[in-house]
Amino acid sequence: MKSWIEGALHGEPEAYEQLVNQFYGMALAVAYQQLKDTYGAEDVVQEAFTEAFANLVKLDKPEAFPGWFKTIVERQCYRWLRRKRHSVVPIEEIETVFREEDQSRDPEAQAIQKELQQTLRSSIDQLPSSMQIVIDLFYFQGYSLKEISDFLEVNVSALKKRLFDARAKLKRSLPVRNLATMFKELHEGGVGMLHIMNGDHAANRLRESGIQGDILVWRELYTYGPVTSDMEKSTARQHRAAVLEAELGIPQKEYLQIEALEKKLRSLQQYKEIVLWFEYDLYDQTMLSYFLYYFSGQDLQNIRLNLLCIDSYPEVEHFRGLGQLTPKQIGSLSGSWHVIEEQELRAGKQFWEAYTSSDIWQHQQYLQSGTNELPFAKAAFEAHLSRLPSVTNGLGSIEQATLQAISAGVQHPHDLFREVGDKLHILGLGDLEYWAHLKRIAEGPSPLIRMSGASSFPKYSQYDQAFRNAVLSLTDLGVRVLRDEVNWRTLREDEYWVGGLHVRKGIV
């Protein structure tokens, strides 16, 4: 979050977008709690963001943003109420029921669902406001207690107490045995559904789209660092954590939170359906193959496993990922997923086992297998192998594209990232990963590029204006390697991983 705020202070559109995505839902819940008017709440939140961005320079500590922004939202609510001169009919009670009228549903079931929704909303409205907001954010919008704690500036223990007390009060006023089940039935339209995807931005868009279900955001980066077929093995996990911290700056403690996500993955009995949301590039295809590998070894019983995997969207000219889509566009994809068949599970398992193998022959054998059950797998796997050092000059595809772009006059790091990222979009290359590649070819005894105007490359949660304005150029060696006059592989001293392949001097 600190880097987003610093980026916003420097006028970066991406930073503004990240802040809006992170806090929009929570701000909307606070505004509605004050106004009981959906459209008024939306207007207030827009005004609050405008005021916040105009006054960011007054914020002394970036970590104080959540509570500071909540105060702005509340102040905007007060202004709205003072301006308000007419009464409105609250529509929140019925908008879930009538958002998309489904003529195929049984009228009696619709009536029961509507009555249950109204009963729940009426009962919640009788709770103290401090309980109402936590119930809304936790049960209906799916925010974690940590996220709610940061925004409301209330510690997690107190939030747990409010949820416990709220449930106790609601149990006395609602004719149901299991309150959590009731919330799930209302929130998910009667279907226990779990959506698995990567990226908080895309997850927020999905959350706002109206598609029902829980969301599990998978925080991994299988395209960088050492990987093995069994990612839960302790020794391999610790080694991977150490490499990611050393090379990307991701704190080991933060990376190891993946263990909590894996624990959730082993507790799926509450769901009737799982939907995997992924894209065409290598970043997503490795993650998809991991899940297919995992699920191929599980007894899913009556859980239906679905897949939505796309490489384009009609209204997006250069589609790169689900995060580009608006909530409405993501909502239009609802139900377009298909049930994963046994052959797709096998194909994903085959991809993952080949990708994580330490034997180059298994990687080559995968491409020769001719499997086409997963439409984007082969192209992604070819892109994976393109990262290996070539026989002509020792460069992988990322280094080759980088040197070519610099030679063509692209000098600044972020411009270079966009240029190379667009050219090699099949990789799904992230900025953090790309800075590590730049660092690798800029340092060591045989550098290919030099950087002036900055002394270091950014790592996780860092923002450096000097780096943004730095100028990159080719060294004499870089020029010769780009001309295929020298094979850089014979000179470099570093080591790195391409999937399961450990690349060292003279060894793959």
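Residues numbered from 1 in each chain as written. Predicted model: local features only at pLDDT ≥ 70, side-chain atom pairs only at ≥ 80, totals over all residues. Heavy atoms only, no water.

Quick look at the packing of helix H18 (residues 360–368) against helix H19 (residues 377–386) now. Their axes nearest at 10 Å, the elements H18 and H19 cross at an angle of 145 degrees. Judged by the sense of rotation from one axis to the other, the crossing of H18 with H19 is left-handed. For the pair H18 and H19, the contacting residues are Ile360, His363, Tyr366 and Leu367 in the first and Ala377, Lys378, Phe381, Glu382, His384 and Leu385 in the second. Class assignment of the residues belonging to the contact of H18 with H19 gives a composition of six nonpolar, two polar and two charged. (Axes fitted to C-alpha atoms, helices over the stretch in contact; angles between N-to-C directions. Helix = DSSP H or I, 4+ residues; strand = E, 2+ residues; numbered from the N terminus. Left-handed = near helix turned anticlockwise from the far one by under 90°. Contact = heavy atoms within 4.5 Å. Nonpolar A, V, L, I, M, F, W, Y, C, P; charged D, E, K, R; others polar.)

Another point: empty space enclosed by the protein. For the structure shown, the criterion picks out five cavities of 30 Å³ or more. Around the largest cavity, the lining residues are Thr223, Tyr224, Gly225, Glu247, Arg387, Ile398, Glu399, His437, Arg440, Tyr496, Trp497 and Val498. Contributing elements (two or more residues each) for the lining of the largest cavity: helix H20 (397–407), helix H22 (431–442) and strand S8 (496–498). Sorting elements by how many residues they give to the lining of the largest cavity places S8 first, with three residues. Residues of the lining of the largest cavity, tallied by class, amount to five nonpolar, three polar and four charged. (1 Å grid on protein atoms, 1.4 Å probe; cavity = no way out; pocket = protein on both sides within 12 Å on 5 of 7 lines; lining within 4 Å. Points joined across faces, edges and corners; volume = space filled by probe spheres on them.)

Our next topic: the sheet that holds strand S3 (residues 273–279). Within the open sheet, the five strands sit side by side as S2-S1-S3-S4-S5. Their pairing is mixed. The outermost strands of the open sheet, each flanked by one partner alone, are strand S2 (214–217) and strand S5 (338–339). Against the sheet, helix H15 (residues 282–296) makes contact with strand S1 (193–197), S3 and strand S4 (304–310), and its axis sits at roughly 155 degrees relative to S3, the strand it touches most. (Pairing = 2+ DSSP bridges.)

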